[in-house]
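Chain by chain, the residues run as shown.
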Amino acid sequence: MFYREAGQFKTSYKADQALMPILQDRIGLLVILAIAFVVIPVLANDFFLTSIMIPFLVFALAAIGLNVLTGFCGQLSLGTGAFMGVGAYAAYKLTTIFPDANVIVMVLLSGVFSAAIGAVFGLPSLRIKGLYLAVTTLAAQFFLEWCFIRIPWLYNDNASGAIEIPHREAFGVVVSGAEATPIVRYFIVLSITALIAFLMANVLRGRIGRSWMMIRDMDIAAELMGIRPLQTKLMAFAVSSYICGVAGAMMVFFWLNAAEPSSYSIALSFQILFMVILGGLGSLSGSFMGAAFIWILPVFLKFIPGTIGINLAAETVEHVTFMIVGALIIFFLIVEPHGFARLWQIAKQKLRVWPFPY
Amino acid sequence: MLYDIFIDPFVQMYDMPDFFLQVLWEGFVAGILYALIALGFVLIFKASGVFNFAQGIMVVFAGLTLVGLNENGVPAYLALALTIGAMGILAYGVERVVMRPLVNQPDIILLMATIGLTYFLIGFGEFVFGGEPKQMITEELGLPTGSTAIEFGERGLIILQHIDIAAAVIAVLMVAALGVFFNKTRIGRALRAVADDHQAALSVGISLNQIWAIVWFAAGLVALATGIMWGARSDVSFALEIVAFKALPVLILGGFTSIPGAIVGGLIIGFGEKIGELYWGGLVGGGIESWLAYIIALIFLLFRPQGLFGERIIERV
């Protein structure tokens with residue numbers, strides 16, 4: 001009743017090939033954008049912005065990056081954290097070498113470096129497939145992590161071994177460093193995430209995205225139909241690493257302010273992988289839902305004991321949070337292995353046929 | 001520079017053969033322990049096609065349960081028996097709660113489920129036993145401590161820790177026992193049938209659920225043995241989790257389905273890692289142990305994409 005394509009006629013090819021052919025989808029997207037760009041900045045306090053919204057958007061972008069590789073091109077990757085790290089360190093080096101350049105441009109440029117490194121580590125994927133490919137990306141993860149520790153040039157020989165984000169201004173406001181206000185950071189992160197998500201939505205439904213999906217579904221068949229596996233797989237690795245790199249750079253520039261090598265450890269890789277799997281492999285909206293679930297749930301769980309008046313030690317809460325998150329992951333995998341994206345599809349189908357389910 | 005890479009390490013090996021042998025022994029012991037963890041992976045992968053990421057944390061969990069029980073006044077051997085019981089309960093629980101509802105899902109979903117299990121076990125283990133590193137109860141279990149020094153040549157000394165020798169012996173016994181179990185017993189035959197073809201096994205009356213519970217239990221026992229051995233070498237703590245990541249290249253190198261592969265893979269990685277670290281690591285600033293194993297596995301994989309002993313991958317369109 002509320003969600004139905006019946007009666008929405010298309011009179012031109014342009015309308016037929018629109019990104020969102022259904023009116024309700026367009027309205028829904030506009031509402032979400034309005035909430036993100038207007039309502040949240042007006043209503044939210046700093047805490048909500050810095051510890052929920054900014055990390056959520058950063059992780060959602062990283063999840064999109066991994067989803068391109070794992071969900072759309074079918075190449076399992078456990079090295080997301082390291083590729084994010086490459087982006088962060090590259091952005092840091094760029095902005096310290098060119099202090100006057102616009103830092104947002106530098107963040108976007110840093111992805112190029114992680115894309116190059118991702119493509120290099122993607123090379124073995126031509127011969128090694130499936131779970132065996134995990135070792136390639138794990139090699140990337142541990143090798144790059146080692147580089148972040150052992151190559152002092154990367155962190156400008158800081159005594160702490162960490163990168164600290166310098167004070168930078170762009171368009172007349174402070175955008176990074178300790179003085180940047182949460183609202184500015186939020187707008188930057190939101191804009192970049194929305195922009196890349198929009199671009200990917202278009203890439204994925206075009207020729208490139210379709211060739212990725214052919215490789216995912218059966219690479220030999222795709223090859224026989226004229227898809228070049230080398231270029232296609234490497235492009236997936238490069239695009240995925242680019243997005244992850246930008247997400248990693250945003251993570252340190254607009255959220256954490258400082259990062260050490262352990263920030264980009266294998267734990268981060270798994271966190272992103274969870275977001276992708278729980279959100280739904282091969283779904284952009286799923287990446288957002290998965291990121292929201294994995295990031296916001298533990299934050300939420302931390303506050304529950306306090307609000308209902310049980311006093312627990314901080315460690316106990318953390319342990320219980322681990323247990324609950326683990327159990328919920330298993331629960332959701334059992335209930336809906338295709339992720340939240342599939343739940344949303346089912347909900348839309350129910351809405352279409354409501355109130356007569358047959 | 002080239003001299004440092006290609007000649008100097010070999011000169012060192014020749015000059016100090018005792019040190020080289022010591023390094024080889026260290027590599028051997030590390031390799032055996034990696035192989036033990038990989039063995040747990042292989043058992044489960046063979047029988048159910050599940051890539052059990054939680055094996056590493058099961059090692060920690062088994063070790064913690066053993067030590068935690070002993071700390072609370074349970075005698076060592078009783079604690080050992082109780083821990084075996086706990087691994088049995090865990091195996092049954094995993095089969096009932098995780099595996100059974102997820103039958104026939106794609107590999108990656110099952111992998112994720114075991115990572116979820118990992119999180120759960122980390123939280124549960126820390127919740128019950130606390131997060132601090134614990135001392136393994138080596139002496140109470142009657143395991144040897146101390147070390148023997150063997151004279152070598154005129155001035156050389158090789159030091160062998162008794163616990164390492166015990167670890168090697170136990171690993172060999174365990175592999176032998178598993179070999180007998182797989183080849184000679186009724187359950188072992190059923191296990192191999194399940195590994196070959198789930199549906200065919202079902203059709204001749206083998207209970208998949210029962211087999212899976214047994215396999216997870218066997219993996220739990222392997223984890224317990226590994227936990228004791230690793231715990232005796234360092235402390236029992238969640239830092240051991242990192243060892244599970246080391247077992248991955250071992251497993252991939254050997255092939256997912258091969259028990260001999262796990263052993264050979266473990267030894268290759270163990271030797272390669274120690275020798276690489278001690279003779280070549282200094283050139284790039286040390287600490288290369290953390291990634292060398294993956295690079296070694298990667299090089300082998302480029303030539304044999306299914307691992308050394310893995311079943312040939314046949315792709316059909």
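Residues numbered from 1 in each chain as written. Chains lettered and ligands numbered in written order. Predicted model: local features only at pLDDT ≥ 70, side-chain atom pairs only at ≥ 80, totals over all residues.

Asker: Looking at this structure, I do not really get the overall build of chain A. What am I missing?
Answerer: For chain A, the helix and strand inventory stands at 14 helices and 4 strands. Here chain A has a C-alpha radius of gyration of 21 Å; the compact-globule value for 358 residues is 21 Å, and the two agree. Along the longest, intermediate and shortest principal axes, the C-alpha atoms of chain A span 65 × 60 × 45 Å. Per-residue burial for chain A yields a buried fraction of 45% across its 358 residues. Nonlocal contacts in chain A, meaning residues at least 24 apart in sequence, comprise 75% of its contacts between residues at least 6 apart. (Helix = DSSP H or I, 4+ residues; strand = E, 2+ residues; numbered from the N terminus. Rg over C-alpha atoms; globule rule 2.2 N^0.38 Å. Buried ≥ 20, exposed ≤ 12 C-beta atoms within 10 Å, placed from the backbone. Contact = placed C-beta atoms within 7 Å.)

Asker: I'm lost on the overall build of chain B in this one. Help?
Answerer: Counting secondary structure elements, chain B contains 13 helices and 2 strands. Relative to the globule expectation of 20 Å for 317 residues, the C-alpha radius of gyration of chain B, 21 Å, shows essentially globular dimensions. Projected onto its principal axes, the C-alpha coordinates of chain B cover approximately 65 × 60 × 35 Å. In chain B, which comprises 317 residues, the share counted as buried stands at 47%. By sequence separation, contacts in chain B at least 24 residues apart represent 73% of the contacts at least 6 residues apart.

Asker: Looking at this model, I keep getting lost on the pairing of strand 3 (residues 173–176) of chain A. Mind explaining?
Answerer: When a strand is regular, its side chains alternate between the sheet's two faces. Residue and element names in this part refer to chain A. Where strand 2 (residues 168–170) and strand 3 come together, 3 bridges link them in antiparallel fashion. Bridged to Ala170 within strand 3 is Val173. What sits between the antiparallel neighbours strand 2 and strand 3 is a turn of 2 residues, in which Phe171 has the positive phi angle 50°. (Pairing = 2+ DSSP bridges.)

Asker: For this particular structure, what's the right way to read the confidence of the model for chain B?
Answerer: As a general rule, the predicted coordinates of low-pLDDT regions are not to be interpreted in detail. Residue and element names in this part refer to chain B. For chain B, per-residue confidence averages 80 on the pLDDT scale, and 91% of positions sit at 70 or higher. When pLDDT is averaged over each element of chain B, helix 5 (residues 76–99) comes out on top at 87 and strand 1 (residues 147–152) at the bottom at 67. Per the prediction output, this complex has pTM 0.87; the corresponding ipTM is 0.82. (pLDDT = per-residue confidence, 0-100.)

Asker: Can you walk me through the environment of Gly286 of chain A in this structure?
Answerer: Residues and elements named next belong to chain A. Along the polypeptide, Gly286 turns up in helix 12 (residues 284–307). Residue classification places Gly286 among the buried residues on the basis of 28 C-beta atoms within 10 Å. For Gly286 and Asn67, which are 219 residues apart along the polypeptide, the C-alpha to C-alpha distance reads 9.3 Å. Setting aside residues no more than four positions away along its own chain, Gly286 makes contact with Gly279, Gly280, Gly339, Phe340 and Ala341.

Asker: What is the right way to look at the environment of Ser110 of chain A in this model?
Answerer: Residue and element names in this part refer to chain A. Summarising the element assignment, Ser110 is placed in helix 5 (residues 103–122). When the C-alpha positions of Ser110 and Tyr89 are compared, they lie 8.2 Å apart, and in sequence the two are 21 residues distant. If we skip the residues at most four places from it in the chain, Ser110 touches Gly87, Ala90, Ala91, Leu94, Gly245, Val246 and Ala249.

Asker: What's the story with the interface of chain B and chain A in this structure? I'm lost.
Answerer: By a frequent convention, interface size equals the accessible area lost on bringing the separate parts together. Listed by partner, the interface residues are 38 residues for chain B and 37 residues for chain A. Considering only residue class, the side of chain B that touches chain A consists of 28 nonpolar, 7 polar and 3 charged. (Nonpolar A, V, L, I, M, F, W, Y, C, P; charged D, E, K, R; others polar.)

Asker: Where do I start with the packing of helix 3 (residues 17–48) of chain B against helix 10 (residues 208–233) of chain B in this structure?
Answerer: Axes are the key here: two packed helices are described by the angle between their axes and the distance separating the axes. Residues and elements named next belong to chain B. Where helix 3 meets helix 10, the closest approach of the two axes is 9 Å, and the angle between their N-to-C directions is 175°. One element, helix 3, and the other, helix 10, form an angle in the roughly antiparallel class. Contact residues: Leu33, Leu36, Ile37, Leu39, Gly40, Leu43, Ile44, Ala47 and Ser48 in helix 3; Ile211, Trp212, Val215, Trp216, Ala218, Ala219, Val222, Ala223, Ala225, Thr226, Met229 and Trp230 in helix 10. Of the residues belonging to the contact of helix 3 with helix 10, the class tally is 18 nonpolar, 3 polar and no charged. (Axes fitted to C-alpha atoms, helices over the stretch in contact; angles between N-to-C directions. Parallel < 35°, antiparallel > 145°, perpendicular 65-115°, else oblique.)

Asker: Could you clarify how one ought to interpret unusual backbone geometry in this entry?
Answerer: If a residue is not glycine, its phi is most likely negative; likewise, a peptide bond is most likely trans. Phi is positive for Asn257 of chain A, which is not a glycine, with a value near 75°. Mapped onto the fold, Asn257 of chain A is located in the loop between helix 10 (229–256) and strand 4 (258–259).

Asker: Hey, could you run me through helix 13 (residues 289–303) of chain B in this one?
Answerer: For the α-helix, the turn length of 3.6 residues means that residues three or four positions removed from each other point alike. With 15 residues, helix 13 of chain B ought to run about 21 Å at 1.5 Å a step, and its terminal C-alpha atoms sit 23 Å apart, in line with that. Buried within helix 13 of chain B we find Trp291, Leu292, Ala293, Tyr294, Ile296, Ala297, Leu298, Phe300 and Leu301 of chain B. Where helix 13 of chain B is buried, its residues contact helix 6 (134–150) of chain A together with helix 11 (241–254) and helix 12 (259–280) of chain B. (Expected span 1.5 Å × (residues − 1).)

Asker: How do you make sense of the nonpolar core when you look at a structure like this?
Answerer: Nonpolar side chains in soluble globular proteins generally cluster together in the buried interior. Within the largest apolar cluster, 215 residues are counted, with the highest numbers of intra-cluster contacts made by Val58, Ala88, Val135, Val246 and Met250 of chain A together with Ala38 and Val215 of chain B. Ranked by residues supplied to this core, first place goes to helix 10 of chain B with 18 residues. The residues touching Val246 of chain A, leaving out its near neighbours within four places in the chain, are Leu61, Gly87, Val107, Leu108, Ser110, Gly111, Ile192 and Ile196 of chain A. (Core = buried A, V, L, I, M, F, W, Y, C linked by C-beta atoms within 7 Å.)

Asker: Explain the environment of Leu64 of chain B here, please?
Answerer: All names here are of chain B. Within the secondary structure, Leu64 is located in helix 4 (residues 55–71). Judged by the 26 C-beta atoms lying within 10 Å of it, Leu64 is buried. When the C-alpha positions of Leu64 and Asn52 are compared, they lie 20 Å apart, and in sequence the two are 12 residues distant.

Asker: Please clarify how the packing of helix 13 (residues 314–335) of chain A against helix 6 (residues 107–129) of chain B should be interpreted in this entry.
Answerer: At a minimum axis separation of 7 Å, helix 13 of chain A and helix 6 of chain B run at an interaxial angle of 155°. For the element pair helix 13 of chain A / helix 6 of chain B, the angle class is roughly antiparallel. Considering the relative orientation of helix 13 of chain A and helix 6 of chain B, their crossing is left-handed. Between helix 13 of chain A and helix 6 of chain B, the residues in contact are Thr316, His319, Val320, Phe322, Met323, Val325, Gly326, Ala327, Ile329, Ile330 and Leu333 of chain A and Ile109, Met112, Ala113, Gly116, Leu117, Tyr119, Phe120, Ile122, Gly123, Phe124, Glu126 and Phe127 of chain B, respectively. Residues belonging to the contact of helix 13 of chain A with helix 6 of chain B are distributed by class as follows: 17 nonpolar, 5 polar and 1 charged. (Left-handed = near helix turned anticlockwise from the far one by under 90°.)

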